[in-house]
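What the coordinates show
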Amino acid sequence: MRISVASDSLDGVASILISEIEERGHTVIPHGAVTDERTDWAWCCSRAAEDVSSGVADQAIVCCWTGTGASIAANKVPGVRAALCSDAATAAGARRWNDANVLAISLRLISAPLLEEILDAWFAASASLDENDQANIAYLSEIEN
């Protein structure tokens, strides 16, 4: 898959995020502090989300100190369902029940071993085929402004 990645700094796991994604066989499209682009969280994280919305990327992973700003910025982009995840179970659930297409993580909270668990869970999970789950996702598209 093509994964757009954005971080507003190189703190915490930001410096290893790209290699962790590439080790799992994915192609990375970098934004923010991992490139020479603007590093402010709103700009770089929305840019990664726009890659997903436009089809340039299949999914995105966005980061900032708390992960909150990254998820807010990403969720402003039409068609994006960003989930702030601090553990593997939440990441798997976000993919399964919410069909999340953007993973937001905190650079303050996530350690390297935890990042590996979160990425493994995120990439292993897929959207639920349950009719109720699919109806919820469809409804999100209807109410999107």
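Refer to the structure printed above.
Residues numbered from 1 in each chain as written. Predicted model: local features only at pLDDT ≥ 70, side-chain atom pairs only at ≥ 80, totals over all residues. Heavy atoms only, no water.

Moving on: the overall build of the protein. Each helix and strand in the protein was counted, giving six helices and five strands. The secondary structure elements of the protein, listed N-terminal to C-terminal, are β-α-β-α-β-α-β-α-β-α-α. Over its C-alpha atoms the protein spans a radius of gyration of 14 Å, differing by no more than 12% from the 15 Å that the globule rule assigns to 145 residues. The principal-axis extent of the C-alpha atoms belonging to the protein is close to 40 × 30 × 25 Å. Per-residue burial for the protein yields a buried fraction of 46% across its 145 residues. Excluding contacts between residues fewer than 6 apart, the proportion of contacts in the protein whose partners are at least 24 apart in sequence is 67%. Carbon and sulfur atoms make up 50% of the accessible area of the protein, which amounts to about 7000 Å² in all. (Helix = DSSP H or I, 4+ residues; strand = E, 2+ residues; numbered from the N terminus. Rg over C-alpha atoms; globule rule 2.2 N^0.38 Å. Buried < 20%, exposed > 50% of the residue type's maximum accessible area, 1.4 Å probe, protein only. Contact = heavy atoms within 4.5 Å. Areas by Shrake-Rupley, 256 points an atom, 1.4 Å probe, with all protein chains shown as cover.)

With that settled, the discussion passes to the environment of Arg24. Within the secondary structure, Arg24 sits in the loop between α1 (14-23) and β2 (27-32). Counting along the chain gives 114 residues from Arg24 to Ala138, while the straight-line C-alpha distance between them is 30 Å. Not counting the four nearest positions on each side in its chain, Arg24 is found in contact with Glu116, Leu119, Asp120 and Phe123. At 3.5 Å, the side chain of Arg24 forms a polar contact with the backbone oxygen of Glu116. (Polar contact = N/O pair within 3.5 Å; in protein donor to acceptor, adjacent residues only side chain to side chain.)

On to the packing of aromatic side chains, then. Counting across every chain of the model gives zero aromatic pairs. The ring centre of Trp122 lies 5.6 Å from the NZ or CZ of Arg95, which sits over that ring. Here the basic side chain of Arg96 rests over the ring of Trp97, its NZ or CZ set 5.4 Å away from the ring centre. (Phe/Tyr/Trp six-rings, centres within 6.5 Å; stacked < 30°, edge-to-face > 60°. Lys NZ or Arg CZ within 6 Å of the ring centre and 35° of its normal.)

By themselves, these observations are geometric and do not establish any function.
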